[in-house]
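# Inside the fold
Residue-level listing of the chains:
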Amino acid sequence: MKKPEHSSAGFSVNSVVRLGTEKAPAKLTVQTEARKLELQAILDESNWVAVIDVDSDQAENIQDLEILQGKKATEAAVSTKQASRNDPCPCGSGKKYKKCCAA
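Residues numbered from 1 in each chain as written. Predicted model: local features only at pLDDT ≥ 70, side-chain atom pairs only at ≥ 80, totals over all residues. Heavy atoms only, no water.

### Digging into the environment of Gln 58
Locating Gln 58 in the fold gives a position in the loop between strand 2 (50-54) and helix 2 (63-70). The exposure class assigned to Gln 58 is partly exposed, which follows from its relative accessible area of 42%. As for Gln 58 and Thr 29, which are separated by 29 residues in sequence, their C-alpha atoms are 7.7 Å apart. Setting aside residues up to four positions removed in sequence, Gln 58 forms contacts with Thr 29 and Gln 31. (Helix = DSSP H or I, 4+ residues; strand = E, 2+ residues; numbered from the N terminus. Buried < 20%, exposed > 50% of the residue type's maximum accessible area, 1.4 Å probe, protein only. Contact = heavy atoms within 4.5 Å.)

If you want it as structure tokens, here you go:
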């Protein structure tokens, strides 16, 4: 009997898209070009990706940047699903759960 791959339908892999990455850039709106350069310097310092629109008619919206700045301390990944004995360990070691974290 062939073992299923980790990417097959038998295993549910929850991929999380994080704000400030290329897949989910932060969306910011500012009123001046000088403010855009100021925010771009902050983003570059922290290696975050954002789309900054300059529109003098709209109010400034930097809510995504405030969210990113509030997440300074990253937490360890926590699996919401408890693995059974013979499932691969959710810690990513590649071992069975019973031989890794359940021991």
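So that's the structure; there's more coming.
### A look at the nonpolar core
Ala 26, Leu 28, Val 30, Leu 39, Leu 43, Trp 48, Ala 50, Ile 52, Ile 62, Leu 65 and Leu 68 form the largest nonpolar core, which has 11 residues in total. Contributing elements (two or more residues each) for this core: strand 1 (26-30), helix 1 (33-45), strand 2 and helix 2. At 3 residues, the largest contribution of residues to this core is made by strand 1. Ignoring sequence-local partners within four residues, the contact set of Ile 52 consists of Leu 28, Val 30, Lys 36, Leu 39, Gln 40 and Leu 43. (Core = buried A, V, L, I, M, F, W, Y, C linked by side-chain atoms within 4.5 Å.)

### Quick word on the side chain of Asp 64
Looking at the secondary structure, you find Asp 64 in helix 2. In this structure Asp 64 is buried but unpaired, with Lys 27 as the nearest side chain of opposite charge at 6.2 Å. If sequence neighbours within four positions are ignored, Asp 64 has contacts with Leu 19, Ala 26, Lys 27 and Leu 28. (Lys, Arg positive; Asp, Glu negative; His and termini not counted. Salt bridge = Lys/Arg side-chain N within 4 Å of Asp/Glu carboxyl O.)

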